[in-house]
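# Chains, contacts and geometry: an overview
Here is what each chain is made of, one letter per residue.
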Amino acid sequence: MDTKIAIITPFAAMRQIAQDVVNERSDEWPEGIQVVMGDLGDGLQQAYQAIAQGAEVIISRGGTASLISSQIELPVVEIQVTAFDILRALKQVSGQTKKVGVAGFRNVIYGCEDFGEIWGIALQEITLENEQGALEKIMAAKDQGINVIIGDAISIKLAGQYGLQGILIQSGKDAIYKAIKQAQQISRVRSKEQARSELLHTIINSSTDGILAVDEQSRITILNPVAEDVFHLRAEEVLGRNVGDVIPNTRLPAIVACGDAEIGDIQKIGNRVIATKRVPIKLSGQVVGAIANFQDVTQLQRYEQRVRQKLYDKGLVAKFTLEQVIGGSAVMADIKKRAIQYAAADSTVLITGESGTGKELLAQSIHNLGQRSSGPFVAVNCAALPENLLESELFGYEEGAFTGAKKGGKAGLCELAHGGTLLLDEVGEMPLTLQARLLRVLQEKEVMRLGGDGVIPVDIRIIAATNQDLLQLIQERRFRNDLYYRLDILRLHVPSLRERKEDIPMLVDYFLHKHTMLKSGVAFSEAAIDRLKQYQWPGNIRELANIMERTLLLFEGPIITEEIIGTVLRETAGRGSHPDTEKKLLKVQEMETIYTVLQEENYNYCRTAERLGINRTTLWRKLRSQQSSK
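The notes below deal with the structure included here. Please read all numbers here as calculations on a predicted model, not as lab measurements. (Residues numbered from 1 in each chain as written. Predicted model: local features only at pLDDT ≥ 70, side-chain atom pairs only at ≥ 80, totals over all residues. Heavy atoms only, no water.)

### Regarding the overall build of the protein chain
Where we set the bar: Numbering of helices and strands starts at the N terminus; helices are DSSP runs of H or I of at least 4 residues and strands are runs of E of at least 2. Buried residues are those whose accessible area, probed at 1.4 Å on protein chains only, stays under 20% of the maximum for their type, while exposed residues exceed 50% and partly exposed ones sit between those limits. Here a residue-residue contact requires only that any non-hydrogen atoms of the pair lie within 4.5 Å. Using the Shrake-Rupley algorithm and a 1.4 Å probe, accessible areas are obtained, with residue cover drawn only from the displayed protein chains.
Across its full length, the protein chain holds 28 helices and 22 strands. Here the protein chain holds 630 residues, and the buried ones make up 44% of them. Within the protein chain, contacts between residues separated by at least 24 positions form 65% of all contacts whose residues are at least 6 apart in sequence. If you sum the accessible surface of the protein chain, you get close to 32300 Å²; carbon and sulfur atoms cover 50% of it.

Now the structure itself:
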């Protein structure tokens, strides 16, 4: 059992009484109770030893209790000298005694003269203040004709030295019992306060926010580890110092003076942007201090991004780098150079070029080269989704925003791209209504979900890609000119493959290595490469990749000849023109979207049609058309 309470008695008889109380009522003391003897200085040493053994409350009497209380910070409970204790001592005074002195510390003898009147004895209080002055007081009492001293242990000892009768004031079991019960209550309250203090200490020190507190004199009382890092200070060096001497231009003394809170203050400390909240600490309506809470805005954004990516883990990663942009022509060298320059900035990039030229690959390369490379890369094809679905995908929606909306709502792609890059592929196909909402995201850096009533701040870089002439779309009133100028800050035009045919050998070599699993040890003849250069490549690199894969699958090697390439190209031409191919690709994407929404809505055709922004008849027609084409 751990010792929680120590009883330090000034004399042996009292120690025995205290031990008897402890033993007789042991069932009432779940805390360990230690009983030792020590008067004044010896008692103080016993108190130090008890503290070392885990004591939380000290019990003692008289001068010993006063001395211990003045030297240690633990609570000290005094064994009260009761009227019965004094009366028991007075009963021992002989009838011939004419003058009696009651000697002791004020906390023991205060009011004893009144007992003399009741008992018919002349009593004189002899108040002792310390052990050194006790001898002088007893000597003076003897000179005044006092021949009996009633008091505590030190008084009786000195009285005997000068031939005076000494009668010890004993403490009864009831007084000791009451002291132990009081000490028990103090110990329990202290334990609760220590637990509460430890909880508060843990909360403050584990907080991701910086916390700085001062008292009514503006002296620092709390400086947690995050605040130490923010201000480059050490708590042990500044606690107790005036905050104005440690942190220049601090507003905390003003908060203590005026008693008003300041919330939402943004300040720059070093290279950090800090959101600060300052609040006065009031007790019974009086300001007794102030506390400042510091939040590192950049760190908050990092935490927010981690949470968002954990909640919406969709593999939002840019896989390609600039090394995978194949081409040694002068035009491609210039594009790569500008891509590196653009990656160092954070402005919007507009990438133009025909379909299949590698615009998304270039966008991913810019993302991976830039300062947002550790953030998400989110791509959306604006041509593949109907307006209603594109809106909910881009901006998200709240629960109940429309029939079939997911419980709890859904974050949009703009939110998912927070801290990273959002690629808007085929941005020229975006409906005008959504263009207006996108413009707000670009200007205000915030987004509002469908059905929501609050804005969500987002930090994203926009890269837009298109195979259309946006200026022509503006003239046709199909694209907003204000959005165009917000997108066209940094421009990259990716040339078609027919404009850089000198890169075809490098691309052929790249695809040969990529498809070694299909067929290894294959080479293209020079005539075959020349034939590839003569082709106009309406589908650009995407078409070349298709031709390469088909050739390797259908023809035996080891040399791919001009005749083989000619055969494959004629088959490709027989499959239809490039615009038709593009239409087929879009048709495939459209049907993939329809089936995805159907699954999400548990094949409820009404809700599916509503989310897709089409009527139910159109949905049935598209599904029947898909079935009949199989």
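There's more to say after this.
### Observations regarding the sheet that holds strand 19 (residues 461–466)
Applicable threshold: In this description, strands pair whenever DSSP reports at least two bridges between them. Throughout, an axis means a line fitted to C-alpha atoms (over the contacting stretch in the case of helices), and angles, computed between N-to-C directions, take values from 0 to 180 degrees.
Strand order in the open sheet formed by 5 strands is 15-16-19-14-20, with parallel pairing between adjacent strands. Each having just a single partner strand, strand 15 (377–381) and strand 20 (490–493) make up the two edges of the open sheet. When the angles between neighbouring strand axes are averaged without regard to direction, this sheet yields 15°. Pairing geometry for strand 15 and strand 16 (residues 421–425), over 5 bridges, is parallel. Considered in strand 16, the bridge of Val 380 is made with Leu 424.

### As for the packing of aromatic side chains
Just so we agree on the cut-off: Centres within 6.5 Å make a pair out of two Phe, Tyr or Trp rings, where for Trp the six-membered ring is used; the pair is then stacked when the planes are under 30 degrees apart, edge-to-face when over 60, and tilted otherwise.
Inspection of every chain in the model, using the stated rule, returns 4 aromatic pairs. The interplanar angle of 80° and the centroid separation of 5.0 Å between the aromatic rings of Phe 231 and Phe 294 together place this pair among those described as edge-to-face. Residue Phe 231 is found in helix 10 (residues 225–231), and its partner Phe 294 is found in strand 13 (residues 286–296); the two are separated by 63 residues along the sequence. Residues Phe 231 and Phe 294 agree in their burial class; the two are buried. With 5.1 Å between their ring centres and 75° between their planes, Tyr 484 and Tyr 485 make a pair best called edge-to-face.

### Overview of helix 1 (residues 12–24)
Quick note on the threshold: One fewer than the residue count of a helix, multiplied by 1.5 Å, yields its expected span. Taken from the helix axis, the directions to the C-beta atoms give the arc we talk about.
Here helix 1 is 13 residues long and its end C-alpha atoms lie 18 Å apart, about the 18 Å a rise of 1.5 Å per residue gives. For helix 1, the set of buried residues is Met 14, Ile 17, Ala 18, Val 21 and Val 22. Mapping the buried residues of helix 1 onto a view down its axis gives an arc of 140°, with all of them on the same face.

### Describing the nonpolar core
Basically, it comes down to this: For this analysis, a nonpolar core means a set of buried residues of the types Ala, Val, Leu, Ile, Met, Phe, Trp, Tyr and Cys, connected via side-chain atoms within 4.5 Å.
Ranked by size, the top nonpolar core spans 45 residues in total, and within it Leu 394, Leu 422, Leu 424 and Phe 479 carry the most contacts. Considering each element in turn, this core owes the most residues, 5 residues, to helix 19 (residues 432–444). Apart from residues no more than four positions distant in its own chain, Leu 422 is found in contact with Val 378, Val 380, Leu 394, Leu 413, Cys 414, Ala 417, Ile 460, Arg 461, Ile 462 and Ile 463. Grouped together as the second largest cluster of nonpolar side chains are 24 residues, Leu 497, Ile 504, Leu 532 and Ile 564 included.

### Quick look at the environment of Val 441
Mapped onto the elements of the fold, Val 441 is located in helix 19. Relative accessible area serves as the criterion here: at 4%, Val 441 is assigned to the buried category. Separated by 27 residues in sequence, Val 441 and Cys 414 have C-alpha atoms that sit 8.5 Å apart. Setting aside anything within four residues of it in sequence, one finds Val 441 in contact with Phe 395, Glu 446, Val 447, Val 458 and Ile 460.

### Here's the deal with the environment of Glu 549
In this fold, Glu 549 is placed in helix 24 (residues 540–554). With 35 residues separating them in the primary sequence, Glu 549 and Lys 514 have C-alpha atoms 9.6 Å apart.

### Quick look at helix 23 (residues 526–534)
Taken residue by residue, helix 23 has Ala 528, Ile 529 and Leu 532 as its buried positions. Viewed along the axis of helix 23, the buried residues span an arc of 100°, placing them on a single side of the element. Facing away from the buried surface of helix 23 by more than 90 degrees, the exposed residues are Glu 526 and Gln 534.

### So, the packing of helix 17 (residues 387–395) against helix 19
Heads up, the condition is: Throughout, the term roughly parallel applies to angles under 35 degrees, roughly antiparallel to angles over 145, roughly perpendicular to angles from 65 to 115, and oblique to all others.
Relative to each other, helix 17 and helix 19 sit at 10°, their axes nearing to 10 Å. When the interaxial angle is binned, helix 17 and helix 19 end up roughly parallel. For the pair formed by helix 17 and helix 19, the contact residues are Glu 387, Leu 390, Glu 391 and Phe 395 on the first element and Thr 433, Leu 434, Arg 437, Leu 438 and Val 441 on the second.

### A word on the pattern of salt bridges
Formally: Note on definitions: salt bridges are taken to be side-chain nitrogens of Lys or Arg within 4 Å of carboxyl oxygens of Asp or Glu.
On inspection of all chains with the given rule, the structure shows 20 salt bridges. Its salt-bridge partner being Glu 236, residue Arg 234 comes within 2.5 Å of it at the nearest N-O pair. Since its relative accessible area comes to 54%, Glu 236 is described here as exposed.

### Observations concerning a negative patch on the surface
Note the cut-off: Like-charged residues are merged into a patch within 9 Å and nonpolar side chains (Val, Leu, Ile, Met, Phe, Trp, Tyr) within 5 Å, provided each residue has over 30% relative accessible area and no salt bridge. Residues scored as charged are limited to Lys and Arg (positive) and Asp and Glu (negative), so that His and the chain ends carry no count. By convention, charge coordinates are those of NZ in Lys, CZ in Arg, CG in Asp, or CD in Glu.
Taken together, the side chains of Glu 526, Asp 530, Glu 562 and Glu 563 define an acidic patch exposed on the protein surface. Those elements that place two or more of their residues in the negative patch are helix 23 and helix 25 (562–574). Tracing the backbone through its elements, the reader meets Glu 563 in helix 25.

### Describing unusual backbone geometry
For Leu 40, which is not glycine, the phi dihedral falls at a positive 50°. Along the polypeptide, Leu 40 turns up in the loop between strand 2 (32–37) and helix 2 (41–52). Judged by its relative accessible area of 5%, Leu 40 falls in the buried class. Even without being a glycine, Ser 218 presents a positive backbone phi close to 65°. One can find Ser 218 in the loop between strand 9 (210–215) and strand 10 (220–223). Ser 218 gets classed as buried once you look at its relative accessible area, which sits at 7%.

### Digging into the pairing of strand 3 (residues 57–60)
Working note: regular strand, side chains alternate between the two faces of the sheet. What counts is decided by this rule: Assignment of crossover handedness uses the view with strands pointing away from the viewer, where a clockwise path from the first strand over the helix to the second indicates a right-handed crossover.
Of the two faces of strand 3, the one carrying Val 57 and Ile 59 and the one carrying Ile 58 and Ser 60 are both buried. Note that strand 3 and strand 4 (residues 76–78) share 3 bridges and pair parallel. Pairing of Ser 60 across the sheet is with Glu 78, part of strand 4. Where the polypeptide runs from strand 3 across helix 3 (residues 62–71) and back to strand 4, its parallel neighbour, the crossover connection is right-handed.

### Notes on the side chain of Thr 352
Note the following rule: N or O atoms within 3.5 Å of each other form a polar contact, as long as, within protein, one can give a hydrogen and the other can take it, and as long as residues adjacent in sequence are counted only when both atoms are side-chain atoms.
Counting through the fold element by element, Thr 352 comes out in strand 14 (residues 349–352). With relative accessibility at 10%, the residue Thr 352 sits in the buried group. Within the structure, the side chain of Thr 352 is placed 2.9 Å from the side chain of His 493, a separation counted as a polar contact. Contacts of Thr 352, omitting those with residues within four sequence positions, involve Lys 359, Thr 466, Arg 491, Leu 492, His 493 and Val 494.

### Things to note about the environment of Asn 224
Following the sequence through the fold, Asn 224 ends up in the loop between strand 10 and helix 10. Placed 19 residues apart in sequence, Asn 224 and Asn 205 show a C-alpha to C-alpha distance of 5.2 Å. A polar side-chain atom of Asn 224 sits 2.9 Å from the main-chain amide nitrogen of Ile 211.

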